[in-house]
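# Per-entry structural report
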Amino acid sequence: MSRALATNHDRTRHTLPASLDAARLPAHVAVIMDGNGRWARQRGLPRVMGHREGVEALKRTLRLCSDWGIGALTAYAFSTENWNRPGEEVTFLMTLFERVLARELEALEREQVRIRFLGDLEPLPSGLRQLIADATERTAANAGIHFNVCTNYGGRAELVRAARRLAARVATGELDPTQIDETLFAAELHTAGERDPDLLIRTSGEQRISNFLLWQLAYAELHITEVLWPDFDEAALEAALRDYQSRQRRFGGVEAILP
Ligand code: IPE
Ligand code: IPE
Ligand code: MG
């Protein structure tokens, strides 16, 4: 590779802020990227401009998490309920996902990101599905951060799907109902193989889960910020991680477990 090319591909690595303890970072961060529409409205722009800017915030967050040594980032990009939005907004989002994925795939490969798309991908436009299959395959062996993009994802749909898959195995006689435990159940979720998120960040101040990772968030620490997703930056992520490091996790016990 030529030197010029290497320089071209180089990017500044972010060092961990001194306020954070590298030994106590969450292994897995989940984020509900909310507030794109409000961000645009505040500027007198159409809602979709907020989604465009939201992509920049996601790229920023992924790079920061990767550079700071966080093992997995799971982002809520499109919920099973988001189909209820106006048709033009849904179409815009699908086209945006397609364009961004096509444009960013090379960088994801280069930066060792392992990307996966969680949710029911069947109803997505075929062009997008093709890109998803390609990106998943091309990055599957990457050793870097696990980047999960929840697309047409709903926590309830995921649980129903898991139940159905287990029921099918019972019906064939492969499995006895008494063998079904939490480990077996979790293995049928889209997140199979990924540890549960330690920290959930929701932007734009909404204090709800909105059908996100209902099973996996059982013991996640919650950080809700007023920052709108397109404005989510290094300072906002640092604040979320500082908040996380100030918590005492107990997991139902008595002893405080520091993150
Ligand atoms: C989140 O921003 C992005 C998606 C759900 C795709 P919103 O579009 O929900 O923005 P607000 O909540 O209307 O401000
Ligand atoms: C949650 O945000 C879904 C995503 C971020 C993709 P919404 O904006 O759809 O959630 P509600 O409607 O405010 O609960
Ligand atoms: Mg919203």
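As a reminder, the structure under discussion sits directly above these lines.
Parameters at a glance
Residues numbered from 1 in each chain as written. Chains lettered and ligands numbered in written order. Predicted model: local features only at pLDDT ≥ 70, side-chain atom pairs only at ≥ 80, totals over all residues. Heavy atoms only, no water. Helix = DSSP H or I, 4+ residues; strand = E, 2+ residues; numbered from the N terminus. Rg over C-alpha atoms; globule rule 2.2 N^0.38 Å. Buried < 20%, exposed > 50% of the residue type's maximum accessible area, 1.4 Å probe, protein only. Near = heavy atom within 4 Å. Polar contact = N/O pair within 3.5 Å; in protein donor to acceptor, adjacent residues only side chain to side chain. Areas by Shrake-Rupley, 256 points an atom, 1.4 Å probe, with all protein chains shown as cover. Nonpolar A, V, L, I, M, F, W, Y, C, P; charged D, E, K, R; others polar. Salt bridge = Lys/Arg side-chain N within 4 Å of Asp/Glu carboxyl O. Contact = heavy atoms within 4.5 Å. Phe/Tyr/Trp six-rings, centres within 6.5 Å; stacked < 30°, edge-to-face > 60°. Patch = residues over 30% accessible without salt bridge, like charges linked within 9 Å, V, L, I, M, F, W, Y side chains within 5 Å.

### Some details on the overall build of the protein chain
- Tallying secondary structure elements over the protein chain gives eight helices and six strands in all.
- In the protein chain, the succession of α and β elements from N to C terminus is α-β-α-α-β-α-β-α-β-α-α-β-β-α.
- Taken over the C-alpha trace, the protein chain has a radius of gyration of 19 Å; the compact-globule value for 259 residues is 18 Å, and the two agree within 12%.
- If one aligns the C-alpha atoms of the protein chain with their principal axes, the spans along those axes are about 60 × 50 × 45 Å.
- Looking at the protein chain as a whole, 45% of its 259 residues qualify as buried.

### Details of the site of ligand 1
- All residues adjacent to ligand 1 are Met-33, Asp-34, Gly-35, Asn-36, Gly-37, Arg-38, Arg-47, His-51, Ala-77, Asn-82, Arg-85 and Leu-93.
- Between an oxygen atom of ligand 1 and a main-chain N or O atom of Gly-35, the distance comes to 3.4 Å.
- Take Asn-36: an N or O atom from its main chain is 3.1 Å from an oxygen atom of ligand 1.
- Across the complex, the protein chains shield 86% of the 380 Å² of accessible surface that ligand 1 would expose by itself.
- Classifying every residue of the shell around ligand 1 by side-chain character gives three nonpolar, five polar and four charged.

### Notes on the pattern of salt bridges
- The tally for this structure, following the rule as stated, stands at 26 salt bridges.
- Note that Glu-206 is salt-bridged to Arg-38, the shortest N-O span being 2.9 Å. Taken together, the residues span a long stretch of sequence, with Glu-206 in the loop between β5 (199-202) and β6 (221-224) and Arg-38 in helix α2 (residues 36-42) at a distance of 168 residues.
- The class of Arg-38 is partly exposed, set by a relative accessible area of 25%.
- Residue Arg-165 is joined to Glu-188 by a salt bridge in which the shortest nitrogen-to-oxygen separation is 2.8 Å. Highlighted residues: Arg-165 in helix α6 (residues 155-171) and Glu-188 in the loop between α7 (182-186) and β5, separated in sequence by 23 residues.
- The partly exposed category is assigned to Arg-165, whose relative accessible area is 39%.
- Each of Arg-195, Asp-198, Glu-221, Asp-243, Arg-247 and Arg-249 takes part in a single network of salt bridges with overlapping partners.

### A look at the environment of Arg-60
- Tracing the backbone through its elements, the reader meets Arg-60 in helix α3 (residues 47-68).
- Sequence separation between Arg-60 and Leu-159 is 99 residues, and the spatial gap between their C-alpha atoms is 31 Å.
- Once you skip the residues sitting within four places of it in the chain, Arg-60 turns out to touch Pro-230, Asp-231, Phe-232 and Asp-233.

### With respect to the packing of aromatic side chains
- Using the criterion set out here, one finds eight aromatic pairs in the structure.
- With a centroid separation of 6.5 Å and 85 degrees between ring planes, the pair formed by Phe-78 and Phe-97 is classed as edge-to-face. In this pair, Phe-78 sits in strand β2 (residues 72-79) while Phe-97 sits in helix α4 (residues 87-110), placing the two residues 19 residues apart along the sequence. Neither residue differs from the other here; Phe-78 and Phe-97 are each classed as buried.
- Aromatic ring contacts, followed pair by pair, group Tyr-76, Tyr-153 and Phe-212 into a single cluster.

### What to know about a nonpolar patch on the surface
- Together, Ile-209, Leu-214 and Leu-222 make up an exposed nonpolar region whose accessible area comes to about 220 Å².
- Structurally, Ile-209 is set in the loop between β5 and β6.
- We classify Ile-209 as partly exposed; its relative accessible area is 31%.

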